[in-house]
Amino acid sequence: MNRFAGTVNLRELLRPVGQMLVFSLASSVVLSLIVIVLALIMDQTVVGETLLARSKVSLLTYTLVNLPQVILDGLTIGFVYAAIALGYTMVYGVLEFINFAHSEIFAVGAFVGVELLIVLQIYGMLEGGSLIGAYTWLIIAILAGMIGAGLLAISVERVAYRPLRGAPRLVPLISAIGVSFFLQDAIRLIESLTTGQFHRIIPTFGNFDERLTFGQIPIGDSVIALGIQVKSIIVIIAAVLMLVGLNYLVNATKVGRAIRAVAQDRATASLMGIDVNRIISLTFLVGGALGGAAGVLYALKFTRIDPFVGFFPGLKAFTAAVLGGIGNLTGALLGGIILGMLETFSGTYMSAFTMGAAGAEYKDIFAFAILILVLIFRPHGLMGENVAQKA
Amino acid sequence: MMLEVKNLHVYYGSIHALKGINFHVDKGEVVALIGANGAGKSTTLSTISGLLQPAEGNVIFQGEDITLTPAEQTVQKGVVQVPEGRKIFATLTVMENLEMGAYTQRDKNQFKQDLEYVFTLFPRLKERQKQLGGTFSGGEQQMLAMARALMSSPTMLLLDEPSMGLSPILVEQIFEIVQSINKKGTSILLVEQNAQMALSIADRAYVLETGEIKLEGSAQEVLHNPTVIEAYLGGH
Ligand SMILES: Nc1ncnc2c1ncn2[C@@H]1O[C@H](COP(=O)(O)OP(=O)(O)OP(=O)(O)O)[C@@H](O)[C@H]1O
Ligand SMILES: [Mg+2]
């Protein structure tokens, strides 16, 4: 067994990176083709004429010019959704239960990380330092968010879910929703008692807000710079690392095997000597930590957080998990990427394609329409297995 | 005495599944526990292994009271249950299933020895290490389940209907393997509906009926008992 461990483990390590690339490429290509075809068609209609008259660009040019940015933004937010979705899907995989409090665990992770950075800023630790210093602090903030959220997730399971283990399925679900409200209010209370304000802004430091530009595209009279924000790169890299780590943990380690065994059959797993409760706690710890990291990354990307910051990303990530097939880790990644891409594509192009009638505020229509379609034709999600097969 | 069960009462809600049963297994014995559907055989094994807790009574293993020991700790004490219906981890490979069986094994050399041992008992498993457990046939799954249990180097094996759903030839094979496991020093409590087969390899036997031990004795005595012949051996 040990002789082959090296090769098997390397493959396990790299597999999710390959999947990420494939999913990212595939969704970019498909969505790009769709908008390009739409643009070609609409250029012949009043939609294209209006745009040409108003901004002196054809709809096709507008589409093409925005495309690289849209894809990058879509991937960035998609990876954040994927990281949160992993938490839903891990817990579901093991307990067949949807941890609705996961969105607030994400929020707590964001607050822990951001508050830590704010404190560091107050003490002048973030200023003027080297880039290495800035990255070190960011990594520490992310780790703090992970630890805070992970420990919170364990406690929530211990206090609010474990006592209800044998109860009908609806009961822990209600408990989760209760915990979710409780945590929102707890954040509000703590923030108002300690800082007097509900929303917090992540300090600006390091080079995270800079844009790396790779080139410029001239259109008409203006020039569009192609680039990516440093923080988007950080989000993407962090998400890749988390996915690789999680995949390795689940598929190539002893605890990972135990997690899979518990997910399949709790009683038999305990007959193997596995402490089922410990494995369940571990699952919450890992899922919570991933959510916490996603929280800090989210704050880095969108700068502002408030006690309700978890709601929409949580809902989207839950959707991503269901879309991909809840309980399936690869599915969470796929669902996250699809959702993130759909969101930025529609956010960017809807307004131009509808002559402003439906703006970016309707961007979520597509994501949820796709979800409904997928669930009609594939009730177990894109990569999910039939749950009945498990029993 | 290896294992002693004293006055065990187990309930499922209001169902009184075990009504104060007593029996024991001596060191190196194969003891058969036979009985019809619903007699309480699986309940007995699950109570010994700690999946269920009795309302009353005790389970003593090697002089230690393990009545309330949870399942995951019972394994470490050396009692391992091969559950009814095999309960293979379907989405884990054969090798991963075996590694799960060795979950409590910290000694690498012992792991290697056990692995070699189960591969000599079940050569098929060695060839199919990377196959998913769920794709195995019923007979192969039974072998995998037994191999998995042996991976923890148990002193006492609890087998729940290993012959269930298998062809006569395979049943014969499985029982030969049970005997050879026993010869290597593992005591065995064998639950069976196939009384003929079970009694042919057992040293002693107990007959369980609706939660009560109705009869006990050497395998020969039980085999020739008229009521047993009537009820479990299809009469002659
Ligand atoms: N989870 C449960 N909930 C309620 N009643 C149960 C449960 N499990 C078993 N019983 C009942 O307890 C009694 C004993 O069941 P048990 O499974 O121990 O029988 P068995 O001898 O193993 O039968 P079989 O040969 O069919 O496996 C039966 O009446 C059964 O209906
Ligand atoms: Mg049974």
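Residues numbered from 1 in each chain as written. Chains lettered and ligands numbered in written order. Predicted model: local features only at pLDDT ≥ 70, side-chain atom pairs only at ≥ 80, totals over all residues. Heavy atoms only, no water.

**So, the side chain of B:Thr47**
Here is step 1 of the chain: With respect to the helices and strands, B:Thr47 occurs in helix 1 (residues 41–49).
Here is step 2 of the chain: Leave out the neighbours within four places in its chain, and B:Thr47 touches B:Leu8, B:Val10, B:Leu18, B:Leu52, B:Pro54 and B:Val59. (Helix = DSSP H or I, 4+ residues; strand = E, 2+ residues; numbered from the N terminus. Contact = heavy atoms within 4.5 Å.)

**Remarks on the site of ligand 1**
All names here are of chain B.
Here is step 1 of the chain: Every one of the 14 residues lining ligand 1 counts as a neighbour, but Asn37, Lys41, Ser42, Thr43 and Glu84 are closest to it.
Here is step 2 of the chain: One of the side-chain nitrogen or oxygen atoms of serine 42 is found 2.7 Å away from an oxygen atom of ligand 1.
Here is step 3 of the chain: The separation between an oxygen atom of ligand 1 and a polar side-chain atom of threonine 43 is 2.4 Å.
Here is step 4 of the chain: Burial of ligand 1 by the protein chains amounts to 63% of its free accessible area of 630 Å².
Here is step 5 of the chain: With 3 residues, the single largest contributor to the shell around ligand 1 is helix 1.
Here is step 6 of the chain: Per-class residue counts for the shell around ligand 1 are 5 nonpolar, 6 polar and 3 charged. (Near = heavy atom within 4 Å. Polar contact = N/O pair within 3.5 Å; in protein donor to acceptor, adjacent residues only side chain to side chain. Areas by Shrake-Rupley, 256 points an atom, 1.4 Å probe, with all protein chains shown as cover. Nonpolar A, V, L, I, M, F, W, Y, C, P; charged D, E, K, R; others polar.)

**Some words on the interface of chain A and chain B**
Here is step 1 of the chain: Contacts between the two partners involve 20 residues from chain A and, on the opposite side, 24 residues from chain B.
Here is step 2 of the chain: In total, chain A and chain B occlude about 2000 Å² of area from one another, counting both sides; carbon and sulfur atoms represent 63% of this.
Here is step 3 of the chain: Sorting the residues of chain A by area buried against chain B places A:Gln264, A:Leu271 and A:Met272 first, and these three jointly supply 33% of that buried surface.
Here is step 4 of the chain: Where chain A touches chain B, the interface holds 2 salt bridges.
Here is step 5 of the chain: The interface formed by chain A and chain B includes 6 residue pairs in polar contact (both at pLDDT 80 or more).
Here is step 6 of the chain: Elements supplying a minimum of two residues to the side of chain A that touches chain B: helix 8 (254–264) and helix 9 (266–271) of chain A.
Here is step 7 of the chain: In terms of residue count, helix 8 of chain A provides more of the side of chain A that touches chain B than any other element does, 6 residues in total.
Here is step 8 of the chain: Taken together, the residues that form the side of chain A that touches chain B break down as 9 nonpolar, 6 polar and 5 charged. (Buried area = accessible area lost by both parts, 1.4 Å probe. Salt bridge = Lys/Arg side-chain N within 4 Å of Asp/Glu carboxyl O.)

**Description of the pairing of strand 8 (residues 187–192) of chain B**
All names here are of chain B.
Here is step 1 of the chain: Across the 6 residues that make up strand 8, a large majority, 6, are buried.
Here is step 2 of the chain: Of the two faces of strand 8, the one holding Ser187, Leu189 and Val191 and the one holding Ile188, Leu190 and Glu192 are both buried throughout.
Here is step 3 of the chain: Pairing between strand 3 (residues 30–34) and strand 8: 5 bridges, direction parallel. Paired with valine 30 across the bridge in strand 8 is isoleucine 188.
Here is step 4 of the chain: In this structure, strand 7 (residues 156–160) lies alongside strand 8, joined through 5 bridges in parallel fashion. (Buried < 20%, exposed > 50% of the residue type's maximum accessible area, 1.4 Å probe, protein only. Pairing = 2+ DSSP bridges.)

**Examining the packing of helix 5 (residues 131–161) of chain A against helix 6 (residues 170–194) of chain A**
All names here are of chain A.
Here is step 1 of the chain: In the contact formed by helix 5 and helix 6, the axes pass within 10 Å of each other and the chain directions differ by 130°. One finds that helix 5 runs oblique with respect to helix 6. The crossing of helix 5 and helix 6 is right-handed. Between helix 5 and helix 6, the contacting residues are Leu152, Val156, Ala160 and Tyr161 on the first element and Pro172, Ser175, Ala176, Val179 and Leu183 on the second.
Here is step 2 of the chain: Class assignment of the residues belonging to the contact of helix 5 with helix 6 gives a composition of 8 nonpolar, 1 polar and no charged. (Axes fitted to C-alpha atoms, helices over the stretch in contact; angles between N-to-C directions. Parallel < 35°, antiparallel > 145°, perpendicular 65-115°, else oblique. Left-handed = near helix turned anticlockwise from the far one by under 90°.)

**Notes on the environment of B:Ser167**
Here is step 1 of the chain: Tracing the sequence through the fold places B:Ser167 in the loop between strand 7 and helix 7 (168–183).
Here is step 2 of the chain: For the pair B:Ser167 and B:Gly138, spaced 29 residues apart in the sequence, the C-alpha separation amounts to 9.8 Å.

**Observations regarding the coordination of the magnesium ion (ligand 2)**
Here is step 1 of the chain: At this site the magnesium ion (ligand 2) is bound by B:Ser42 (OG) and B:Glu84 (OE), with donor distances of 1.9 Å. Highlighted residues: B:Ser42 in helix 1 and B:Glu84 in the loop between strand 6 (79–82) and helix 3 (94–101), separated in sequence by 42 residues. (Donors = N, O, S within 2.8 Å, 3.2 Å for Na, K, Ca; no water.)

**Describing the domain arrangement of chain B**
Residues and elements named next belong to chain B.
Here is step 1 of the chain: Segmenting chain B into domains produces domain 1 (3–78 + 154–232) and domain 2 (85–145).
Here is step 2 of the chain: Placing the centre of domain 1 and that of domain 2 at their C-alpha centroids yields a distance of 23 Å.
Here is step 3 of the chain: Taken together, the contact pairs 13 residues of domain 1 with 9 residues of domain 2.
Here is step 4 of the chain: Between the two partners, domain 1 and domain 2, sit 0 salt bridges.
Here is step 5 of the chain: Connecting domain 1 to domain 2 are 1 residue pair in polar contact (both at pLDDT 80 or more).
Here is step 6 of the chain: Breaking the side of domain 1 that touches domain 2 down by element, the ones donating at least two residues are helix 2 (71–77) and helix 7. (Domains from an automatic or database assignment.)

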